[in-house]
Amino acid sequence: MAARLQELAPSSAARGWVRSWSDDDGATRARAVFAAVFGDGSGDGSGDDRQGDVGVWAAPGRVNLIGEHTDYNAGLCLPIALPHRTYVALRPRPDSVVRLASAQAPGETWTTTLEDVAPGAVSGWGSYVAGVAWALREHLVAQGADPGAITGFDAAVDSSVPFGAGLSSSAALECAVAVALDDVAGLGLASTDAGRAALAAASIRAENEIAGAPTGGMDQSVSLRAHAGHALLLDCRPGLDPVDSAEQVPFDLDAAGLALLVVDTRAEHQLVDGQYAARRATCEDAARTLGLDSLRELADDVAASDDPAGALAVALEKLPDDVARRRVRHVVTEIGRVRDLVALLRDGRPDAVGPLMNASHASLRDDYEVSSVELDVAVDAARVAGALGARMTGGGFGGSAIALVRADQVEAVADAVRGAFEREGIGAPGFLLATPSAPAERVA
């Protein structure tokens, strides 16, 4: 059913549907960009950059079913990998030069050397790519291995993950590069879940320390560790063994006659403008005020209490202002909603999760204040049109919303959202279908 929905729903690009690509199509597209910029894969004619054939690797974007702004609070979250992927055609070089091209930045070649990559030293979209190489070299040094295994490279990118939609296009890029460099360097990390956790950690360092976006680790973890047909329950407490930090939770939409509709509001979504960092800092300050290492500790204490609401109220009274209280209330209750939603999925009741999605959106809108007019319109319109539940997904401040709908109501709900945007004078939204998909891998 999922494949059939992908065929039917995006029947008209003019109506805003964004199709995922087959891996063959994605590889062809990435190789075409590579050939146009760097040659056909046999070198540029000088012989100085030949270092093997051009391979293609891909990694998915993601949507988070529930558990927003919990990852950097050592909490729980429940993302799935999208069928929409970023494709990277890459050829290693014998030197330390990094040259990058992208179909999303035509006419631009981003260039640096590995020696020049360091926190604060590079900028632009290429910092997400070069940052992964830097982080993997740092990983090798920490393991007592030779960082020279990671050499320079030429790479070309194309992607079906909508940019700026809150669907983790940056993590998809990082993780495709991570499995590519792992493969060409012969590190073997992608062959085990623990190794994939190490690749995720390197991708997180690239985004935090080189690209300068203080995000949590959810996006990279699901892009590298997801399983098709499953949601990934991530426990983001630091220091956990990788095996204990992730659990596959069956999420079979087809069997339940359901579909997960993603609405890209096409409102500008940026996590590096200070809003995200401000909320993270508020949470960290609140944890220190409460004498805790993270707000996860408070969430666990509240969950174990005979009077959870009372226990939370007592903790909130210790915080210095209403903003901190609202931020903390969101984090603690959101972690609880993750637990409740997972319990429903394990009980084979995916059609019962809608109220939890609705409550999550209300909390993100009112307590965490990361929603937007566009997100609220999308969520409200989807619910009125029959969605079982709907919420914003991702960091917020624009981006995307998700709606759990009956499979035969996909077009009706999308039409309702489209009509609501038109009535509100908002630019037309985009749509895609999220089926729990496979992780980063080599595709050609």
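Let us look at the structure shown here. These figures come from a predicted structure and were not determined experimentally. (Residues numbered from 1 in each chain as written. Predicted model: local features only at pLDDT ≥ 70, side-chain atom pairs only at ≥ 80, totals over all residues. Heavy atoms only, no water.)

So, on to the sheet that holds strand 12 (residues 430–433). Spatially, the four strands line up as an open sheet ordered 10-11-9-12, and their pairing is antiparallel. Of all strands in the sheet, those bounded by a partner on one side alone are strand 10 (389–393) and strand 12. Recorded for the sheet is a direction-independent mean angle of 25° between the axes of neighbouring strands. As defined by bridge partners, strand 9 (residues 258–264) adjoins strand 12 across four bridges and the pair is classed as antiparallel. Bridge pairing in strand 12 places V262 opposite L432. Most of the contacts of helix 12 (residues 354–366) go to strand 10, to which it runs at about 40°, and overall it touches strand 10 and strand 11 (400–406). (Pairing = 2+ DSSP bridges. Helix = DSSP H or I, 4+ residues; strand = E, 2+ residues; numbered from the N terminus. Axes fitted to C-alpha atoms, helices over the stretch in contact; angles between N-to-C directions. Contact = heavy atoms within 4.5 Å.)

Moving on: the environment of G257. Topologically, G257 is positioned in the loop between strand 8 (246–250) and strand 9. Sequence separation of G257 and D351 is 94 residues, and the distance between their C-alpha atoms is 9.0 Å. Residue contacts for G257: discarding those within four places in its chain leaves V405, R406 and A407.

The strand order 2-7-8 describes an open sheet built from three strands, whose pairing is antiparallel. The sheet is open, and its two edges are formed by strand 2 (76–77) and strand 8, each paired on a single side. In this structure, strand 2 lies alongside strand 7 (residues 230–235), joined through two bridges in antiparallel fashion. Paired with C77 across the strands is L234, a residue of strand 7. In the packing of helix 6 (residues 218–225) onto the sheet, the strands contacted are strand 2, strand 7 and strand 8, and the crossing angle to strand 7 comes to about 135°. Where helix 11 (residues 322–346) meets the sheet, it contacts strand 2, strand 7 and strand 8, and its direction lies at approximately 45° from that of strand 8.

Attention now moves to the packing of helix 11 against helix 12. One can describe the packing of helix 11 onto helix 12 by two numbers: an axis separation of 10 Å at closest approach and a directional angle of 165°. Considering the angle they form, helix 11 stands roughly antiparallel to helix 12. The handedness of the crossing between helix 11 and helix 12 comes out as left-handed. On the side of helix 11, the interface is formed by R326, H330, T333, E334, R337, D340, L341 and L344, while helix 12 contributes L356, A359, S360, S363, L364 and D366. Tallied by class, residues from the contact of helix 11 with helix 12 come to five nonpolar, four polar and five charged. (Parallel < 35°, antiparallel > 145°, perpendicular 65-115°, else oblique. Left-handed = near helix turned anticlockwise from the far one by under 90°. Nonpolar A, V, L, I, M, F, W, Y, C, P; charged D, E, K, R; others polar.)

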